[in-house]
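Take a look at the letters that make up each chain.
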Amino acid sequence: MATSIDGLMQPKSIAVVGASAQPGKIGYTVVKNLIDSGFKGALYPVNPSATEILGLKCYPTINDIPGDVDAAAITVPAKFCPEVVEECGKKGVKGLYIITSGFSEVGNKDLENQMVETARRYGTRILGPNIVGYLSNSDGLNASFAPFLPLKGKASLVSQSGALLIAIDASSYLRHVGFDKLVSIGNMSDVDFADNIRWLNNDPNTTCISLYIEGFKDGRAFIDASREAHKPIIALKAGTSAHGAAAAASHTGSLAGAAKVYGAAFQQAGVIQASDLDNLFDRTLALSMQPPMKGDNLLIITNGGGVGVLATDSAEKYGIPLKFAPADVQVELKKHMPDFGSAKNPVDLTGMAGNEWYGDSVKYAYAHPWVDGLVVLYCETAITDPVAIAKSIKQAIDESGVKGKPVTASFVGGEHSAEAMKYLVENGIPAYGAPDIAVNAMGALREYARMQELIAEPVTSCAPTDRKAALEIIAQARAEGRSSLTEIEAKQVFSSYGLPVTSTVLAKSEDEAVKLAKEIGFPVVMKIVSPDILHKSDAGGVKVNIKDEDAVRDAYRAILANSFKYKPTANIHGVAVQEMAPWGTEVILGSVNDPTFGPTMMFGLGGIFVEVLKDVTFRVAPVPANQALRMLGEIRGAPILAGVRGEKPRHRQAMADTICMYSSMILDLQDEISESDANPVLLYEEGRGVKVVDARIILKKK
Ligand code: COA
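The shown structure was predicted, so the numbers you read here are calculated from the model rather than taken from an experiment.

A few words on the overall build of the protein chain. Counting secondary structure elements, the protein chain contains 24 helices and 29 strands. For the protein chain, the spread of C-alpha atoms along the three principal axes comes to 95 × 80 × 40 Å. Scored against the burial criterion, the 702 residues of the protein chain give a buried share of 56%. Long-range pairs, those at least 24 residues apart, make up 71% of the contacts in the protein chain with a sequence separation of at least 6.

The next point concerns the packing of aromatic side chains. Within this structure, the stated rule accounts for 14 aromatic pairs. With a centroid separation of 4.9 Å and an interplanar angle of 45 degrees, the aromatic rings of Y378 and F411 are classed as tilted. Taken together, the residues Y378 in strand β17 (residues 373-379) and F411 in strand β18 (residues 407-412) connect sequence positions 33 residues apart. Of the two residues, Y378 and F411, both sit in the buried class. One aromatic cluster is present, formed by F193, F216, F222, Y262, F266 and F597 through successive ring pairs. Geometry around Y262 places K237 over its ring, the cationic atom sitting 4.4 Å from the centre. A cation over an aromatic ring shows up here: K391 above the ring of Y423, its NZ or CZ 5.7 Å from the ring centre.

Summed over the entire model, instances satisfying the criterion amount to 40 salt bridges. Ionic pairing is found between D70 and K94, a salt bridge with its closest N-O pair at 2.8 Å. Of the two residues, D70 is situated in the loop between β4 (56-57) and β5 (71-74) and K94 in the loop between α3 (81-91) and β6 (95-98); the sequence distance between them amounts to 24 residues. Judged by its relative accessible area of 43%, K94 is partly exposed. We note a salt bridge from E487 to K491, for which the minimum N-O separation is 2.8 Å. Of the two residues, E487 and K491 both sit in helix α18 (residues 487-496), four residues apart, roughly one turn of that helix. Across the pair, exposure class does not vary: E487 and K491 are buried alike.

Structurally, M289 is set in helix α10 (residues 277-289). Classification of M289 by relative accessible area gives partly exposed; the value is 28%. The sequence separation of M289 and K154 amounts to 135 residues, and the corresponding C-alpha distance is 7.4 Å. In contact with M289, not counting residues within four places along its chain, are V425, G428, I429 and P430.

Glancing now at the state of the cysteines. Taken as a whole and judged by the stated rule, the model has zero disulfides. Not part of a disulfide, C88 finds its nearest cysteine sulfur in C81, a span of 9.6 Å. Residue classification places C88 among the buried residues on the basis of a relative accessible area of 0%.

Before going further, it helps to spend a moment on helix α9 (residues 258-269). Its twelve residues give α9 an end-to-end C-alpha distance of 16 Å, which sits within 8% of 16 Å, the value for a rise of 1.5 Å per residue. Taken as a whole, α9 has its buried residues at A258, V261, Y262, G263, A264, A265, F266, Q268 and A269. Where α9 ends, the next residue or the one after it, G270, has phi of about 75 degrees, a positive value.

Okay, the sheet that holds strand β7 (residues 125-127) next. With respect to topology, five strands assemble into an open sheet ordered β2-β1-β5-β6-β7, the strand pairing being parallel. Each end of this open sheet is capped by a strand with a single partner; those strands are β2 (42-46) and β7. Mean inter-strand twist for the sheet, computed between neighbouring axes without regard to direction, equals 20 degrees. Bridge count for β5 against β6 is four bridges, and the pairing is parallel. Looking at β6, one finds that I74 is bridged to I98.

Rules used throughout
Residues numbered from 1 in each chain as written. Predicted model: local features only at pLDDT ≥ 70, side-chain atom pairs only at ≥ 80, totals over all residues. Heavy atoms only, no water. Helix = DSSP H or I, 4+ residues; strand = E, 2+ residues; numbered from the N terminus. Buried < 20%, exposed > 50% of the residue type's maximum accessible area, 1.4 Å probe, protein only. Contact = heavy atoms within 4.5 Å. Phe/Tyr/Trp six-rings, centres within 6.5 Å; stacked < 30°, edge-to-face > 60°. Lys NZ or Arg CZ within 6 Å of the ring centre and 35° of its normal. Salt bridge = Lys/Arg side-chain N within 4 Å of Asp/Glu carboxyl O. Disulfide = S-S within 2.5 Å. Expected span 1.5 Å × (residues − 1). Pairing = 2+ DSSP bridges. Axes fitted to C-alpha atoms, helices over the stretch in contact; angles between N-to-C directions.

Pasting the structure below:
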């Protein structure tokens with residue numbers, strides 16, 4: 001078991017190995033920053049030749065330091081690092097901030113692994129290498145070459161990019177978004193996001209965990225750590241554009257872009273996403289200061305119709321559409337506005353609203369049980385004082401005596417409005433220069449509450465499985481040197497995990513096809529069975545609605561002729577004869593074995609246009625049926641499943657159960673299956689279940 005990262009996160013004594021007396025060097029800056037940040041613990045510069053650096057006694061090696069050392073910042077060139085890590089291990093240093101670059105990020109993996117192996121032997125934890133360092137306001141600790149400690153605040157940020165961390169550090173003052181800790185995580189050779197999330201979750205000085213992510217080494221560890229956290233986590237994920245989808249052999253493979261898979265994983269992990277850097281700041285501010293919005297009722301109070309309308313649009317955009325305020329709220333609020341105001345929602349106090357009207361209406365509305373979240377907007381006028389209004393808002397919130405309900409604000413105006421917002425933020429109310437941002441921030445607080453509800457739901461399980469039968473089919477295909485299963489084999493595998501497949505049998509001759517068709521019952525479907533022909537329709541290898549013996553014979557001959565023509569070298573097993581399932585809504589199920597998150601499931605509208613419509617949604621397996629039901633609601637075509645134009649609603653629970661079984665299958669067979677599709681799956685009306693009519697499994701290379 002890995003040792004704790006306490007030594008890294010809350011050291012009582014720090015050495016700087018590679019400390020330098022030369023201004024401009026990183027080894028100098030780190031020592032200076034530790035002094036300037038007011039670090040109260042013992043500080044030991046280590047340098048082979050210097051006797052004193054910045055007034056501190058200097059030691060030739062870490063071993064010469066008389067007392068214990070909790071953490072060491074390493075600023076020696078890469079080639080010396082393994083030796084320094086060994087010395088630190090011997091000294092019993094608990095954690096290392098390895099600032100030095102020149103490791104796996106430039107292909108120098110061996111050097112990095114060597115350090116990690118050494119550190120593991122001694123139980124020393126490594127942050128980095130290739131980091132800016134670590135900063136903590138509550139510990140007065142700047143063990144980095146970032147310019148200074150960030151503006152004090154309650155969020156803590158973990159960043160995979162050092163440059164971005166420095167930028168966030170410096171701009172925290174301009175943006176009035178404060179942080180307690182900034183953790184540069186670099187190459188994540190040892191300490192990763194999951195370690196940080198677990199530690200920060202127990203840190204009394206952190207109320208929100210903010211992440212800048214480029215990629216994970218272990219996506220599932222991230223999901224587990226995030227799900228266990230009881231604080232909001234917000235992530236900005238970079239690099240979501242291309243994901244090697246081009247080489248995919250299945251529909252699912254070609255649709256599973258990084259953005260979609262990461263999006264699914266964040267959702268399952270209960271992690272809120274930021275759309276860009278500004279949004280990361282804005283949402284972090286709200287999540288670090290305000291409680292989650294536990295219901296859907298948002299009330300907006302404004303002094304301007306225009307910003308009220310803008311905020312109304314935003315509310316819909318961010319998943320908290322406005323409803324009219326209840327009658328009692330309207331009656332009471334009408335008392336704090338002129339006749340031409342509106343108390344419906346948005347509540348328009350009109351441009352005449354001063355601090356009294358604002359104060360009275362905020363105090364009443366905030367305390368009203370119908371209101372789950374409050375957004376207060378203000379446009380600067382010549383007859384009102386923004387700072388006085390900000391103060392009246394704060395006072396009203398305090399005097400309401402209500403806790404556990406979120407409020408955000410937006411003041412649109414000039415310097416006075418900026419001053420008013422600064423006051424609000426310093427007093428725990430997130431305030432922004434545009435109404436859209438204030439509503440977006442409230443949207444994040446609502447999202448957090450919804451995600452917590454989802455995570456708290458009990459996990460439902462699926463039907464029993466027959467793993468042995470599935471493995472035998474796969475082993476047989478592998479023994480024949482194949483990298484994919486035929487449709488019949490794939491259906492057998494599906495069926496061994498409880499998936500409802502159409503009965504399909506292989507005919508090796510025309511006569512056999514006739515016999516089997518009679519056994520199944522007309523009409524039947526006939527399809528080519530060849531590991532070399534994946535797209536059967538394209539090859540003219542599929543005939544449907546075959547009604548009698550003659551038609552079976554015609555179809556058999558035509559399918560073989562077409563397939564030989566399509567691919568003369570194809571190895572043809574025969575022709576599958578299968579029951580012709582009645583018409584149903586065509587959906588697709590599929591899977592990829594994602595490099596970061598492992599087996600990942602797709603659901604969406606299926607059929608031949610699946611890659612054009614791209615109406616699909618993803619989850620990392622396993623997907624319990626209750627979560628699968630949510631997938632059904634996420635696609636654009638969700639209303640089709642609910643029943644449109646006189647059609648009855650589809651059998652959603654059967655679909656969700658099937659997704660659950662499919663996800664168990666891909667998890668259980670993750671060492672065997674690389675990609676798979678069930679397309680189409682026919683989804684019938686309520687009570688009639690689903691039927692998988694086509695199946696494809698691509699095997700993992702071994
Ligand atoms: N123990 C203690 N001190 C040692 C040492 C050892 N084993 N080996 C070397 N040193 C000392 C050097 O003597 C020097 O001190 P001096 O100025 O008194 O001579 C000091 O360590 C630094 O070594 P130096 O060779 O001068 O390197 P540098 O300062 O030019 O560069 C790094 C060192 C670590 C800053 C550089 O290699 C590097 O990685 N820079 C990139 C950092 C970065 O960008 N990180 C990621 C941000 S996202």
